[in-house]
Amino acid sequence: MKLRRSMMFIPGDNAGMLSNSYIYKPDSVMFDLEDAVSLTEKDSARLLVFNTLKANLYTGIETVVRINGVETPFWEQDLDMAVRGGVEVIRLPKTENVSEVREIEKKLEIIEKNCGRNVGETKIIAAIESAIGVVNSVAIAACTPRMVAIALAGFDYLVDMQTSRSSGSEPELFYARAAVLHAARAAKIDAFDVAYGDVNDEEGFLREVKIAKNLGFNGKSLIHPRQIELLHKAYAPPKEAVDHAEKVIQAAKDAREKGLGVVSLDGKMIDPPVIHEAERVLLLAQNS
Ligand SMILES: CC(=O)SCCNC(=O)CCNC(=O)[C@H](O)C(C)(C)COP(=O)(O)OP(=O)(O)OC[C@H]1O[C@@H](n2cnc3c(N)ncnc32)[C@H](O)[C@@H]1OP(=O)(O)O
Ligand SMILES: O=C([O-])CC(=O)C(=O)O
Ligand SMILES: [Mg+2]
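The rules we used
Residues numbered from 1 in each chain as written. Chains lettered and ligands numbered in written order. Predicted model: local features only at pLDDT ≥ 70, side-chain atom pairs only at ≥ 80, totals over all residues. Heavy atoms only, no water. Near = heavy atom within 4 Å. Polar contact = N/O pair within 3.5 Å; in protein donor to acceptor, adjacent residues only side chain to side chain. Areas by Shrake-Rupley, 256 points an atom, 1.4 Å probe, with all protein chains shown as cover. 1 Å grid on protein atoms, 1.4 Å probe; cavity = no way out; pocket = protein on both sides within 12 Å on 5 of 7 lines; lining within 4 Å. Sits in = over half its atoms within 2 Å of the grid points. Helix = DSSP H or I, 4+ residues; strand = E, 2+ residues; numbered from the N terminus. Nonpolar A, V, L, I, M, F, W, Y, C, P; charged D, E, K, R; others polar. Donors = N, O, S within 2.8 Å, 3.2 Å for Na, K, Ca; no water. Phe/Tyr/Trp six-rings, centres within 6.5 Å; stacked < 30°, edge-to-face > 60°. Buried < 20%, exposed > 50% of the residue type's maximum accessible area, 1.4 Å probe, protein only. Expected span 1.5 Å × (residues − 1). Core = buried A, V, L, I, M, F, W, Y, C linked by side-chain atoms within 4.5 Å. Contact = heavy atoms within 4.5 Å. Salt bridge = Lys/Arg side-chain N within 4 Å of Asp/Glu carboxyl O.

### So, the site of ligand 1
Around ligand 1, 16 residues are found, and the nearest of them are F9, S21, R66, I223 and H224. A distance of 2.8 Å is found between an oxygen atom of ligand 1 and a side-chain nitrogen or oxygen belonging to H224. Within the side chain of R226, a nitrogen or oxygen atom sits 3.1 Å from an oxygen atom of ligand 1. Considered on its own, ligand 1 offers 950 Å² of accessible surface; in the complex 56% of this is hidden by protein. At a threshold of 2 Å from the grid points, most atoms of ligand 1 map onto the second largest pocket. Broken down by element, the residue count for the shell around ligand 1 peaks at 4 residues, all from strand 1 (residues 6-11). Per-class residue counts for the shell around ligand 1 are 10 nonpolar, 2 polar and 4 charged.

Set out below in structure tokens:
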């Protein structure tokens, strides 16, 4: 089980941020070659990100590269560089349908073979940034074992929907959040909520984190290190939940040692999903 609460964007052309952001300890870092990088900087950013990956600075932090979309002239070079650099996950922006993922998969397989990596080793996260992406998200989430998560990307999505962010309960994101989350859960993969753009608005950020957490998202895409600790704290399980999870794991262990198939705790049956949830709670507690 892997924690994916915080995935922090780092612009791929910012050498300073690329070289020291491991200090902030997000669960994942996302080196961006897409919208954070201007057209004139695409080539130099690609090289900078390659050197960053090769330098192995981000031990214990999942590395993700957001490549440019398959409709651009950049994506094949982005993919080649990222895989050769040893990236763990490719984030595909503005994903609209399964055929785009298939194109990425085909190319990934060739690059992995060429550079001696295991075929299938490079994972994919599809970012859903449009109405058509939301509609197709069930198929996108389930289309390949490489897919480890899908992410809702609120900025582009709301432009496509011809609306903008409100504050409060954000009805404009409700359908997309619920749809993307169901697609992820049906495919048994992780789900990321939208990035929050106002890095100085702690209250607004936490309000949004609460919505995402209560709906069931694993975490959020982030754009500033200040958001990491706030997010991790909000996802920390309460003490009662941790105590209960410890009891569940102990009861399961005792039953296994006694050779019992059925586990019970305080008269209640403990089944595999309950044990799985207890493991998740303990993992969150250990890392918050
Ligand atoms: C719609 C989309 O596509 S969103 C995804 C693409 N966007 C991005 O990638 C943007 C990522 N974020 C950023 O570039 C920045 O946070 C900005 C531009 C929003 C604000 O940057 P700043 O004004 O420098 O913020 P601030 O002064 O508060 O930064 C404090 C420190 O955090 C660092 N920092 C800020 N954001 C980041 C980040 N995303 N990653 C790593 N370090 C960061 C700064 O370098 C600075 O470090 P220092 O103290 O060592 O100098
Ligand atoms: O992918 C993201 O989280 C950010 C983004 O591009 C968007 O919201 O349009
Ligand atoms: Mg976008």
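Next, the rest of the story.
### Let's talk about the coordination of the magnesium ion (ligand 3)
Only E129 (OE) and D156 (OD) from the protein reach the magnesium ion (ligand 3) as donors, at distances of 2.0 to 2.2 Å. Taken together, the positions of E129 in the loop between strand 5 (123-128) and helix 5 (131-135) and D156 in helix 7 (residues 154-160) put the pair 27 residues apart, joining distant regions of the chain.

### With respect to the site of ligand 2
The local shell around ligand 2 consists of F9, R66, R91, E129, A153, G154, F155, D156 and S221. Separating an oxygen atom of ligand 2 from a side-chain N or O atom of R91 is a distance of 2.7 Å. Between an oxygen atom of ligand 2 and a main-chain N or O atom of F155, the distance comes to 2.8 Å. Protein chains shield 94% of the accessible area of ligand 2, which is 270 Å² for the free molecule. When atom positions are compared with the pocket grids, ligand 2 is found to occupy the second largest pocket. With 3 residues, helix 7 is the single largest residue contributor to the shell around ligand 2. The residue inventory of the shell around ligand 2, partitioned by class, reads 3 nonpolar, 2 polar and 4 charged.

### Some remarks on the packing of aromatic side chains
Enumeration according to the criterion identifies 3 aromatic pairs in this entry. Pairing Y22 with Y58 gives two aromatic rings, centres 5.8 Å apart and planes at 85°, and the pair type is edge-to-face. Taken together, the residues Y22 in the loop between helix 1 (15-20) and strand 2 (28-32) and Y58 in the loop between helix 2 (42-54) and strand 3 (62-66) connect sequence positions 36 residues apart. Accessibility expressed as a relative area gives 5% for Y58, which makes it buried. With a centroid separation of 5.3 Å and an interplanar angle of 70°, the aromatic rings of F31 and Y58 are classed as edge-to-face. One end of the pair, F31, is in strand 2; the other, Y58, is in the loop between helix 2 and strand 3, and 27 residues separate them in sequence. There is no split in this pair, since F31 and Y58 are both buried. Through successive ring pairs, a cluster of aromatic residues spans Y22, F31 and Y58.

### Quick word on helix 8 (residues 171-186)
Here helix 8 spans 23 Å end to end across 16 residues, near enough to the 22 Å set by a 1.5 Å rise per residue. Those residues of helix 8 not exposed but buried are E172, L173, A176, R177, A179, V180, L181, A183 and A184. Positive phi shows up at K188, right after helix 8, with a value of about 60°.

### Notes on the nonpolar core
Judged by nonpolar contacts, the single largest core of 60 residues is most densely connected at F31, V65, I104, M147 and I150. Element by element, the count of residues in this core is highest for helix 8, at 7 residues. Discounting residues that sit within four places of it in the chain, V65 has contacts with F31, L33, V49, L53, A82, V87, V89, I90 and R91. Within the second largest apolar cluster, 13 residues are counted, among which are V242, A245, A251 and A252.

### Some thoughts on the pattern of salt bridges
Summed over the entire model, instances satisfying the criterion amount to 26 salt bridges. Note that E62 is salt-bridged to R4, the shortest N-O span being 2.9 Å. Linking E62 in strand 3 with R4 in the segment before strand 1, this pair joins segments that are 58 residues apart in sequence. Take R4: its relative accessible area is 8%, and that puts it in the buried class. Across the pair D80 and R84 runs a salt bridge whose closest N-O atoms are separated by 3.0 Å. Placement of both D80 and R84 in helix 3 (residues 75-85) is noted, with a separation of 4 residues, approximately one turn of the helix. For R84, a relative accessible area of 34% gives the class partly exposed. Here the residues in one salt-bridge network are D32, E34, D35, R66, K94 and D156, joined through shared partners.

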